[in-house]
Amino acid sequence: MDPMNRGPEDFSQDRQDGTGDGGAGRRPPRDPLTPDFGQPSPAVVRAVRLVSGDHLLTVNPVDGSEIEPCPPGERPARPAKHDAAARAARARASRPPLPPGPAQPQRPLLERQEERERLVRLLARGRSVRLTGPAGAGRTALLDQITEDCADLAPDGVVRLCGHRRTVDELLHELFAAVYDAPLHRPDRALLLELVHEIGAVVVLDDLEFGGAALDELLEATPECAFLLSTTPDVPAPSADSHVEEVFLAGLGRGAGQELLERAVGRVLTDEEAQWAADLWFESEGLPLRFVQAGALLRQRDQLRADPEAFDAFGYYEGPGAAPVDAPFDTSDGHDVPLPALAEAAAPAPLLASRLGASARATLEFAVALGGEVPHQAHLPALVGDTHADAALAELVSCALVTPVGGRYRLAAGVRQQLEAAGYGTDGAGRGRTAAQHYAWWAAHPSVGPERAVAECDAVLAALAAAPAPEVSLELARAAAPAFAAGLAWGAWERALRAGLEAARSAGEVAEEAYFHHELGVLAILDGQLDRARVELEAAIALRGAAADKRGTTAGRRALALVADRSGGATAGEEIPEAMYEESASPPGGVPARPVEPDTVVTRQAALPTPAPPPAPTVLGAKAPPRRSVLNGARRNMVAAGAGALLAAVLGTVVTLGATSGNDDSPSDKVRTNPSATAGESGGDLGADEAGGEGGGASAAPTDPGEDGVLGTSDDPTPSKAPSDDASGTPSDSASPDDPTKKPTRSPSKSPSKSPSKSPTKPPTQSPTKPPSSSPPPSPTTTEPTTPTTEPSTPDTSDTASGPISTSPGSSGTTTA
């Protein structure tokens, strides 16, 4: 039966309620608000329109982004700056989230008063300062204090930025977004430099990763800003001409380290603990991070001394690295716990993690798999599988295993290496797959806006790199790249596109590979890299053509047309005129002509190809282009033989067509397709012979050798029969030897009985030995000169029977027309 018209035969028996009778009693449709579980709901496409420079970009997650010139009515006005309240709100939003639970105690800033006053003094004078210190020296805590001290120094306030994995261009755009109110507007390079040039603010830039020329570019673009740059010693130093002050941040003294340890523990240290702290200070070179972590070890020791089973409820002996190194043992009082060894205090991460809850240890495993990036606390319940897993962040912060970086958290310095040594990276592939699948679902969800996706871009990119299979990476890149583009985080957008392109190639997904090529081409247009955009778009069009993606191909051709409009070049979608002939064209403007010496014949026809000639009516009907000289040196006497009409159209050479017929039954204006030409003995003019050989008309070769007995010399008598105007004579529409550029006066379709208005009845009057002086010579076609004999030789037609004939200027022989 017809599968499109299902009837009662589709069921075992007719339904009594009428549902099996072809639709007579069909059930009403289900409520669309309550779909069945397991049935996927239609995805909502989130398309965003934004302006970048003079381009209007429509971020289309399905077929690829569309780019076009921005209409004048949709161009935004010049951005205005945020007021003080808006700047404060944005500053609060850019800070890392507070961990759930009780508020964490404020850590003191010890032995930093001198550096603090010096930095504030330099910034107040408008000087830029580079604060250099090792990881864990407390640079971020010092920047927090200076941010509060400099709140009223500049008209645009204090702007806090993070330089971790950021380029100069990304930092300039983030500075612009922090000061100016420009939603869905990303200025081009010229406008960006103009706007940031007007910013007067104290820019606190933490974790900067570049120096040298890149830093000079950042400082030159913002002359009205005073920068406080926080870096590590391994970052390249500023150039000598940058005029950046250098402040080095060293470790704490022994007394300050012990005081910080006491504040972290919340009590005074015993003599044994004080000696242990002194050894730790000597080993760690006074880094504050080590003392904060050591304080967490002493707090855990106090809990174990109070209750040996204090950490059993959190799965103390479960998970990687969970076995305690200094487990409590029986002593005289039954609750004594020794101090950690110095090696454990110098690398305390495994010991601290072993006494954390299961959710906190699982979070550390995800952080190790993601290269140190800690997922946002809102994602931890879904990743870990525990509804209260968000509380794990508070445990990690209290132990100083994670530190704030910009608006997120990362593993503290050295923690990742310590955890990997303890076995926390053994299931990295599984954790990476779980994180990639979760972020792919989350980024594609309609409720997740571009701003939230951009705030989590570092963790998303880390999951993209940690995904073990290309299919998982492809799914995540496909979902995250449009969100990054709509959120104006184009550095993250480019990294996601390149990772997705590699995953699509590995997975063999041609359609997805074409999508990423298209997006990279659009991004290159926005960056002004037209050559790179052309390459990416052409690759996308080719792949989409192979995948029969018509809509994607149309979008790619539109973008490629915009590239052609910007660069002025041809594109793959434009109509290019079809070449009429296969011969190579002459150089522009023609080749400079040189005088042709008389009595010189160069025969090179045998070395040139001889293509098949076109039909005669097509040759005569073609319109000759303007004349150009093609004579140069030894090539001045001939060009490609047998291609007279073809070369006349391509090279601009006017070919003189000459053919005669002595037979009355042959029209006088008809040109044969197999004429031949022979040269005289002295290298003179070429006598045009009829292809038939015995026509006996005006074009027949002379048979009287004259007084010297040699044919083809100057004493040969002129044929007695001269051309006439009648139908049996020479066709009057052939070109005259005196004017080789003259066109025929009538088409070959006319009746041969009609006479032209003028017939060449006079022989050429030019001296055989005098070279032409007025008009440039035509391009003749010649053959090898025949050896003169006492009797007329048969014309050789082996080399010239494939094309029309022409005469050679400056020849000494008499041409019979």
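The structure presented is a predicted model; accordingly, all values stated were derived computationally and were not measured. (Residues numbered from 1 in each chain as written. Predicted model: local features only at pLDDT ≥ 70, side-chain atom pairs only at ≥ 80, totals over all residues. Heavy atoms only, no water.)

### Comments concerning the nonpolar core
Then, in step 1: One finds Leu57, Ile67, Leu476, Phe484, Trp493, Phe516 and Ile525 to be the most contacted residues of the largest nonpolar core, which totals 62 residues.
Then, in step 2: Those residues within four positions of Ile525 in sequence are excluded, and the remaining contacts are His55, Ile67, Ala533, Leu537, Ala559, Leu562 and Val563.
Then, in step 3: Listed in part, the 43 residues of the second largest apolar core include Phe291, Leu351, Leu401 and Tyr409. (Core = buried A, V, L, I, M, F, W, Y, C linked by side-chain atoms within 4.5 Å. Buried < 20%, exposed > 50% of the residue type's maximum accessible area, 1.4 Å probe, protein only. Contact = heavy atoms within 4.5 Å.)

### Quick notes on the sheet that holds strand E14 (residues 408-411)
Then, in step 1: Taken in spatial order, the three strands make up an open sheet running E12-E14-E13, and their pairing is antiparallel. Here the strands that pair on one side only, and so sit at the sheet edges, are strand E12 (373-374) and strand E13 (402-405).
Then, in step 2: Sheet topology note: the E13/E14 ladder contains four bridges and is antiparallel. Bridge pairing in E14 places Val402 opposite Leu411. (Pairing = 2+ DSSP bridges. Helix = DSSP H or I, 4+ residues; strand = E, 2+ residues; numbered from the N terminus.)

### Concerning the pairing of strand E10 (residues 226-231)
Then, in step 1: Counting buried positions over the six residues of E10 gives six, a clear majority of the element.
Then, in step 2: With four bridges joining them, strand E5 (residues 129-132) and E10 adopt parallel strand pairing. Pairing of Val129 across the sheet is with Leu228, part of E10.
Then, in step 3: Two strands pair when backbone bridges link them, and strand E9 (residues 202-206) and E10 are joined in this way by four bridges, in the parallel orientation. Bridge pairing in E10 links Val202 to Ala226.
Then, in step 4: The parallel pair E9 and E10, bridged by helix H6 (residues 213-221), forms a crossover whose chirality is right-handed. (Right-handed = clockwise from strand over helix to strand, strands pointing away.)

### Focus: helix H4 (residues 168-179)
Then, in step 1: For H4, which comprises 12 residues, the first-to-last C-alpha distance of 17 Å matches the rise-based estimate of 16 Å (1.5 Å per residue) to within 8%.
Then, in step 2: In terms of residue burial, H4 counts as a mostly covered element, since nine of its 12 residues are buried.
Then, in step 3: Among the residues of H4, Val168, Glu170, Leu171, Leu172, His173, Leu175, Phe176, Ala178 and Val179 are the ones counted as buried. (Expected span 1.5 Å × (residues − 1).)

### Observations regarding the packing of helix H19 (residues 470-486) against helix H20 (residues 490-507)
Then, in step 1: Contact geometry for H19 and H20: axes closest at 8 Å, N-to-C directions at 155°. In terms of orientation, H19 lies roughly antiparallel with respect to H20. Both H19 and H20 take part in a crossing whose hand is left-handed. Here H19 contributes Pro470, Glu471, Ser473, Leu474, Ala477, Ala481, Phe484 and Ala485 to the contact with H20, which in turn contributes Trp490, Ala492, Trp493, Ala496, Leu497, Gly500, Ala503, Ala504, Ser506 and Ala507.
Then, in step 2: Looking at side-chain class alone, the contact of H19 with H20 contains 14 nonpolar, three polar and one charged residues. (Axes fitted to C-alpha atoms, helices over the stretch in contact; angles between N-to-C directions. Parallel < 35°, antiparallel > 145°, perpendicular 65-115°, else oblique. Left-handed = near helix turned anticlockwise from the far one by under 90°. Nonpolar A, V, L, I, M, F, W, Y, C, P; charged D, E, K, R; others polar.)

### Brief notes about the confidence of the model for the protein
Then, in step 1: Taken residue by residue, the protein gives an average pLDDT of 74. The fraction at 70 or more is 61%.
Then, in step 2: For the stretch residues 315-334, pLDDT sits under 50, and the model shows 34 contacts to residues farther than four places along the chain or on other chains.
Then, in step 3: Segment residues 650-701: pLDDT under 50, and 144 contacts once partners within four positions in sequence are set aside and those in other chains are kept. (pLDDT = per-residue confidence, 0-100.)

### Focus: the pattern of salt bridges
Then, in step 1: Under the defined criterion, the tally for this structure stands at 35 salt bridges.
Then, in step 2: When the shortest N-O distance is used, the salt bridge between Arg139 and Asp206 registers 3.8 Å. You can see Arg139 sitting in helix H3 (residues 139-149) and its partner Asp206 sitting in strand E9, a full 67 residues away along the chain.
Then, in step 3: The class for Asp206 is buried, based on a relative accessible area of 5%.
Then, in step 4: The salt bridge involving Glu217 is made with Arg189; its shortest N-O contact spans 2.7 Å. Taken together, the positions of Glu217 in helix H6 and Arg189 in helix H5 (residues 189-196) put the pair 28 residues apart, joining distant regions of the chain.
Then, in step 5: A relative accessible area of 35% means that Glu217 is categorised as partly exposed. (Salt bridge = Lys/Arg side-chain N within 4 Å of Asp/Glu carboxyl O.)

### Observations regarding the environment of Leu297
Then, in step 1: Here Leu297 is to be found in helix H9 (residues 288-306).
Then, in step 2: Residue Leu297 is classed as buried on the basis of its relative accessible area, which comes to 0%.
Then, in step 3: Counting along the chain gives 102 residues from Leu297 to Cys399, while the straight-line C-alpha distance between them is 8.1 Å.
Then, in step 4: For Leu297, the residues in contact, after removing those within four places along its chain, are Pro340, Glu344, Ala345, Pro348, Leu351, Leu352 and Arg355.

### What to know about the sheet that holds strand E8 (residues 185-186)
Then, in step 1: Overall, mixed pairing links the four strands, which are arranged E3-E2-E1-E8 in an open sheet. Two strands bound the open sheet, and with one partner strand each, they are strand E3 (66-69) and E8.
Then, in step 2: Sheet topology places strand E2 (residues 55-59) next to E3; four bridges connect them, and they run antiparallel. For Leu56, the partnering residue across the bridge sits in E3 and is Glu68.

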